[in-house]
Amino acid sequence: MRHAAGTCRSLLSASVLVMALGHRPVLAEPPDAAGLAARTGAAHATLLGKDGAPMVLIHAGDFMMGSHDGEADEIPAHRVSLEAFYLDRDEVTNQRFHRFVLETGHKTTAEKEGKAWAYALDNKWREVKGATWRQPEGNETESWPDRDEHPVVSVSWYDAEAYCRWAGKRLPTEAEFEYALRAGTQATYWWGDRNPGWRRVANIADEAHKRTSPDRPWPIMSGYDDGYARTSPVGSFEPNPWGLHDMTGNVLEWTADWYGQDYYGRSPRHNPTGPSDGDAKVLRGSSGYSEPRNVRSATRASASPTRRSDNIGFRCAKTPE
Ligand SMILES: [Ca+2]
Ligand SMILES: [Ca+2]
């Protein structure tokens, strides 16, 4: 396992400490959660979106984005400053997405085209006929009932963007996602540089995944057992230092930005929003199928905005009014 941010960590320790002390996330809860609202600041409760999902206020600040020694598209590590924003505490669930579909009649890309990608039990990625957010594996791979609290998957970027717009929100930018994922940390992962061991920090490719897919061709976080071979209910794991769940792992998440492999070399310092156009949108945060190297905080992924598969979901952001 490589430690992508090791060299810059010591140089940045002072500023990271300042950032950590200066960022006290405020959890915005529904008005009926009066006790919690009173403790954390009731003024933020009105900023909830139409979907009622709890949002965390991420304070303005700056951080080092990318890495010095990761993949080519993560270089150079560069300082980025951001305005404050709200971010959903959790990935959008099937239950919330269902309500959106009932209210709007939205048809997902997978439903319109009759197929989606899934990781089948024979350790192969394939396009599965009939696979949609309602049945991410179609009839070809394992399925189980009662996924209301699991993250919605098999949704394209267009589906994710439509949901966030309906909810009065927007997709986070790539920079916002990495800032919120790192939550003041500069280590390889938000929990540190090492295998999490006994700590339950994220649903990633682990011993549970290996048990159901023993022939999988890529490495797992050896010895770490999060208990889930595929998706897990949102919020099943320890939150990161800013109170956000599943920023690492469970499902990859769509961001607003177009993907540019060399974008970090020309990114503006303040509120970067990605290239003006492109062929692929940025996915961040890794999934339950992700090997250790791809679980790193700096890891970038991308896909066509029409891509949908059983390891891709999203959460929404909102600009304070
Ligand atoms: Ca797992
Ligand atoms: Ca995630």
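Look up: the structure comes first, before these words.
Let me sum up the structure you'll find in this document.

Analysis parameters
Residues numbered from 1 in each chain as written. Chains lettered and ligands numbered in written order. Predicted model: local features only at pLDDT ≥ 70, side-chain atom pairs only at ≥ 80, totals over all residues. Helix = DSSP H or I, 4+ residues; strand = E, 2+ residues; numbered from the N terminus. Buried ≥ 20, exposed ≤ 12 C-beta atoms within 10 Å, placed from the backbone. Contact = placed C-beta atoms within 7 Å. Core = buried A, V, L, I, M, F, W, Y, C linked by C-beta atoms within 7 Å. Arc of directions from axis to C-beta.

**Focus: the overall build of the protein chain**
A tally of regular secondary structure across the protein chain gives eight helices and twelve strands. Per-residue burial for the protein chain yields a buried fraction of 49% across its 321 residues. Of all intrachain contacts in the protein chain linking residues separated by at least 6 positions in sequence, the fraction that spans at least 24 positions is 69%.

**Thoughts on unusual backbone geometry**
As a rule of thumb, non-glycine residues mostly have phi less than zero, and peptide bonds are mostly trans rather than cis. Cis geometry marks the peptide bond from Ile-75 to Pro-76, where omega comes out at 0°. Its location among the elements puts Pro-76 in the loop between β3 (61-65) and β4 (78-82). A positive phi angle is found at Ala-183, which is not glycine, with a value near 50°. Among the structural elements, Ala-183 can be located in the loop between α6 (174-182) and α7 (207-212). The backbone phi angle of Asn-271 is positive, close to 45°, even though this residue is not glycine.

**Some points on the nonpolar core**
Soluble globular proteins: nonpolar side chains tend toward being buried together. Formed by 68 residues in total, the largest nonpolar core has its most connected members in Val-56, Ile-58, Tyr-86, Leu-87, Ala-160, Leu-171 and Ala-180. Among the elements that make up this core, the one with the highest residue count is α6 (five residues).

**Here we look at helix α5 (residues 157-166)**
Along α5, the residues that are buried comprise Trp-157, Asp-159, Ala-160, Tyr-163 and Cys-164. Across the axial projection of α5, the buried residues extend over an arc of 160°, all falling on one side. For α5, the secondary structure elements touched by its buried residues are α3 (94-104), α4 (109-113), β8 (252-258) and β9 (281-284). Just past α5, the residue Gly-168 takes up positive phi, approximately 80°.

**Structural notes on the environment of Lys-129**
Looking at where Lys-129 falls in the secondary structure, it is placed in strand β7 (residues 125-129). Residues Lys-129 and Glu-140, spaced eleven residues apart in sequence, show a C-alpha to C-alpha distance of 8.7 Å. Discounting chain neighbours no more than four positions away, the residues touching Lys-129 are Gly-114, Lys-115 and Gly-138.

**A short note on α6**
Across the nine residues that make up α6, a large majority, nine, are buried. Listing the buried residues of α6 in full gives Glu-174, Ala-175, Glu-176, Phe-177, Glu-178, Tyr-179, Ala-180, Leu-181 and Arg-182. Positive phi shows up at Ala-183, right after α6, with a value of about 50°.

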